[in-house]
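# Tertiary structure, described
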Amino acid sequence: MSVELWTIGFVALTFALYLYIGWRSRVRDSSGFYVAGQGVPPIANGAATAADWMSAASFISMAGLISFLGYDGSIYLMGWTGGYVLLALLLAPYLRKFGKYTVPDFVGDRYYSNIARLVAVVAALFVSLTYVAGQMRGVGIVFSRFLQVDVATGVIIGMVIVAFFSVLGGMKGITWTQVAQYCVLIVAFLIPASAIALLLTGNPIPQLAFTFSDIVANLNQVQLDLGFQEYTQPFANKTQLDVLFITIALMVGTAGLPHVIVRFYTVPDVRAARYSAGWALLFIALLYTSAPALATFARYNLINSLHNQTIEEVRQLDWANKWERTKLLAFDDKNNNGRFELTPDQTTNEITIDPDIIVLSTPEVARLAPWVIAIVAAGGLAAALSTASGLLLVISSSVAHDIYYRIIKPDATESQRVFVGRIMVGFAVALAGYFGINPPGFVAQVVAFAFGLAAASFFPVIILGIFDKRTNREGAIAGMVTGLLFTIFYIVGVKFSGMTPWFFGVSAEGIGTLGMIINFIVTIVVSRLTPPPPLAVQEMVEDLRSPSGELPPEAVH
Amino acid sequence: MDRDKSQAYWRANTALIRNLLIVWALVSLIFSILLVEPLNAIQLGRVPLGFWMAQQGSILTFVVLIFIYAVQMDRLDRKYGIRK
């Protein structure tokens, strides 16, 4: 059977599973729609969080980026996992204790202000829309290669599926679908990683093959021979300060992502929120410790199968021809010696590889069975669709819950609120579809913006809201607005208007760290210059800090 | 819970968070970024240690830190009579 047939088979099978689960978990009430009735067990919530958060960028782009960046790719590995420690220790338990539906809800109540709520809604929308735009290119890439349809058709198919289970099932439908999507995506990632590890080193466990075989040493040598830096050489592409700033921005951004935070509202109690963060990171770590191994193997294999091969030899590689058609892989025999050569110098380099194809092409480059290639495609779709659906729900609940119910019409009935939620999901799907067809850029880069914006807007006000009783409404609003405006200004300036990165050369991806620091300083200073929050709010903070009050108090043992 | 007890509980909680965050910053920001070059002089298995910390070691440490937090907080909850 051909790769295309296997792909259609796997994709159809997994989509049928998602639709079935979405239909089974359909909901009527707003608690089910927004927070899955707060009845999700910690392990399941961990898997759902992992799927929600491991996006097309993690699955498709990350290993490819690491493959090209070598050591410098660690910013993604540490940044995206390190944030979970912040989330688990500083945010999740308290937000679960707070126990409402969204992040703007917390901000609005803690800072006793609909303006703060509105600023938080705008920030949530900004972050989610930036992020969802990144996902859609992932869906487009997978479909354009494996189903041989054009990108627009692929995006529309994906959107219909997402719309179906999120409109119908809300958070509950999304949660259980994401548990299934996690299983699909992790199997899809580990099979080729393990197969290629076995092939190259004789050890099927990627993490061990990476550490204890001589593949890294060999790759270092190959890179030096071609004129590149050693693969393990730190700061070959970015300065040390930039690596530090980007890592922190990604860590703090992860902890501030509204669609990840909202997952901790869906578990039964504070204790479950703590464990659920641990499960989430364990599930994520399964992929995140395999990815650098896969990145190394893929780079080694790709150089070996393409570099210095004759044109005829490369033309016989089926995968190379198919990827060349998507324009993500390009060959150009510039010196007309009949061979394609990979060099660090753009003027002599004859092989151009888009990092986005590394994960998807690895099984083919390593000549694995067609069904493995197909399952990777299904996994990539699972990753993109699960994140897209989580984001769509955040977008819809920000509008339907925080704006419609909490600000415009506080006396709305249960069914009106769910109805507006569903309408907003539909609207958000259409918007996401538009971005999918007209993608604004490179997957992981676009996603990095969302992290910077999340870091600069939410993180400080939530942390201070819990850990500093003195932080008040005026401080929070001023902090969020300055943090957000500064970060947007720098990113847009550097990325779109040719501004030079003037802050010690820190790139657009890392500037969220400075935005966050500015936000912290402004929030604290403004809070101290204005009256303290009302007593009722201070008592609410006191109450947040204790996990009791929802479980019957027990005698001391 | 009375006021003194809840303040003691909060202090114990924040002390635990502080200690775990020190380890968090040490493995990621210090060992894997600021001190990566000296650490790369040491080999772990067949790879340079600093590189290994950045790409594998720090992630494994993060997972352990969160579970330590959850288990220690269970202990704290029991001590302060929040849960059996």
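Small disclaimer: the values here were computed from a predicted structure and weren't measured.

Rules used throughout
- Residues numbered from 1 in each chain as written.
- Chains lettered and ligands numbered in written order.
- Predicted model: local features only at pLDDT ≥ 70, side-chain atom pairs only at ≥ 80, totals over all residues.
- Heavy atoms only, no water.
- Helix = DSSP H or I, 4+ residues; strand = E, 2+ residues; numbered from the N terminus.
- Rg over C-alpha atoms; globule rule 2.2 N^0.38 Å.
- Areas by Shrake-Rupley, 256 points an atom, 1.4 Å probe, with all protein chains shown as cover.
- Lys, Arg positive; Asp, Glu negative; His and termini not counted.
- Charge placed at Lys NZ, Arg CZ, Asp CG, Glu CD.
- Contact = heavy atoms within 4.5 Å.
- Buried area = accessible area lost by both parts, 1.4 Å probe.
- Salt bridge = Lys/Arg side-chain N within 4 Å of Asp/Glu carboxyl O.
- UniProt positions renumbered as here; feature names shortened; annotations may be inferred.
- 1 Å grid on protein atoms, 1.4 Å probe; cavity = no way out; pocket = protein on both sides within 12 Å on 5 of 7 lines; lining within 4 Å.
- Points joined across faces, edges and corners; volume = space filled by probe spheres on them.
- Nonpolar A, V, L, I, M, F, W, Y, C, P; charged D, E, K, R; others polar.
- Phe/Tyr/Trp six-rings, centres within 6.5 Å; stacked < 30°, edge-to-face > 60°.
- Buried < 20%, exposed > 50% of the residue type's maximum accessible area, 1.4 Å probe, protein only.
- Lys NZ or Arg CZ within 6 Å of the ring centre and 35° of its normal.
- pLDDT = per-residue confidence, 0-100.

This part is about the overall build of chain B. When you go through chain B residue by residue, the secondary structure sums to three helices and two strands. Listing the helices and strands of chain B from first to last along the sequence gives α-α-β-β-α. A compact globule built from 84 residues should have a C-alpha radius of gyration of about 12 Å, whereas chain B, at 18 Å, is more than 25% larger. Here the C-alpha coordinates of chain B stretch approximately 55 × 20 × 15 Å along the principal axes. Roughly 3,900 Å² of accessible area belongs to chain B as shown, and the carbon and sulfur atoms make up 63% of that amount. Each charge class in chain B was averaged separately, 10 positive and 5 negative side chains, and the resulting centres sit 5 Å apart.

Listed per partner, the contact involves 51 residues of chain B and 62 residues of chain A. Carbon and sulfur atoms make up 71% of the surface buried where chain B meets chain A, a total of about 4,700 Å² over both sides. There are four salt bridges connecting chain B and chain A. In this structure, D214 of chain A and R46 of chain B form a salt bridge, with 3.9 Å as the shortest nitrogen-oxygen distance.

With that out of the way, let us pick up the UniProt feature "transmembrane region" (unreviewed entry) in chain B. All names here are of chain B. In the numbering adopted here, UniProt assigns the feature "transmembrane region" (unreviewed entry) to residues 20-39 and 51-71. Helix makes up 95% of residues 20-39 and strand 0%, whereas the separation of the span's terminal C-alpha atoms amounts to 22 Å. In the segment residues 51-71, helix accounts for 100% and strand for 0%; the C-alpha atoms at its two ends are 30 Å apart.

All names here are of chain A. Looking at the largest pocket, its volume works out to about 510 Å³. If you go around the largest pocket, you meet 21 residues; those closest to its centre are F68, F228, N237, R299 and P344. At the level of elements, α4 (56-69) and β4 (351-353) are the ones that each hand at least two residues to the lining of the largest pocket. At three residues, β4 tops the list of elements feeding residues into the lining of the largest pocket. Partitioned by chemical class, the residues of the lining of the largest pocket number ten nonpolar, nine polar and two charged.

It is worth spelling out the packing of aromatic side chains at this point. The final tally for this structure, using the stated rule, is 25 aromatic pairs over all chains. Between the aromatic rings of F486 of chain A and W502 of chain A, the centroid separation amounts to 6.3 Å while the plane-to-plane angle is 80 degrees, which identifies the pairing as edge-to-face. Of this pair, F486 of chain A sits in helix α20 (residues 473-496) while W502 of chain A is found in the loop between α20 and α21 (511-529), placing the two residues 16 residues apart along the sequence. With a relative accessible area of 15%, F486 of chain A lands in the buried category. With relative accessibility at 47%, the residue W502 of chain A sits in the partly exposed group. Among the aromatic residues, those joined into a cluster by ring pairs are Y182, W279 and F283 of chain A together with F67 of chain B. Positioned above the aromatic ring of F228 of chain A, the side-chain terminus of R299 of chain A is 5.2 Å from the ring centre.

Among the structural elements, Y20 of chain A can be located in helix α1 (residues 3-24). Among the residues examined, Y20 of chain A registers a relative accessible area of 48% and is labelled partly exposed.

Once that is clear, we can look at the environment of V122 of chain A. Tracing the sequence through the fold places V122 of chain A in helix α7 (residues 114-146). The spacing of V122 of chain A and F15 of chain A is 107 residues in sequence and 32 Å in space, taken between C-alpha atoms.

Before going further, it helps to spend a moment on the confidence of the model for chain B. The predicted coordinates of low-pLDDT regions are not to be read in fine detail. All names here are of chain B. In the predicted model, chain B carries a mean pLDDT of 93, and the fraction of residues at 70 or more is 96%. Mean pLDDT across the elements of chain B ranges from a minimum in strand β1 (residues 43-44), with 92, to a maximum in helix α3 (residues 49-79), with 96. Here the prediction assigns the complex a pTM of 0.90, and the interface score ipTM is 0.96.

The subject of this paragraph is empty space enclosed by the protein. The tally for this structure, following the rule as stated, stands at five cavities of 30 Å³ or more. Quantified by volume, the largest cavity comes out at close to 60 Å³. What lines the largest cavity is P93, Y94, V270, R274, L544, R545, S546 and P547 of chain A together with Y9, N13, Y69 and M73 of chain B. Of all the secondary structure elements, the ones that give two or more residues to the lining of the largest cavity are α5 (74-98) and α13 (270-306) of chain A together with α1 (3-34) and α3 of chain B. Taken as a whole, the second largest cavity encloses approximately 40 Å³ of empty space. Among the elements of the structure, α13 and α16 (358-365) of chain A are those that each provide at least two residues to the lining of the second largest cavity. Residue contributions to the lining of the second largest cavity peak at four residues, all from α16 of chain A.

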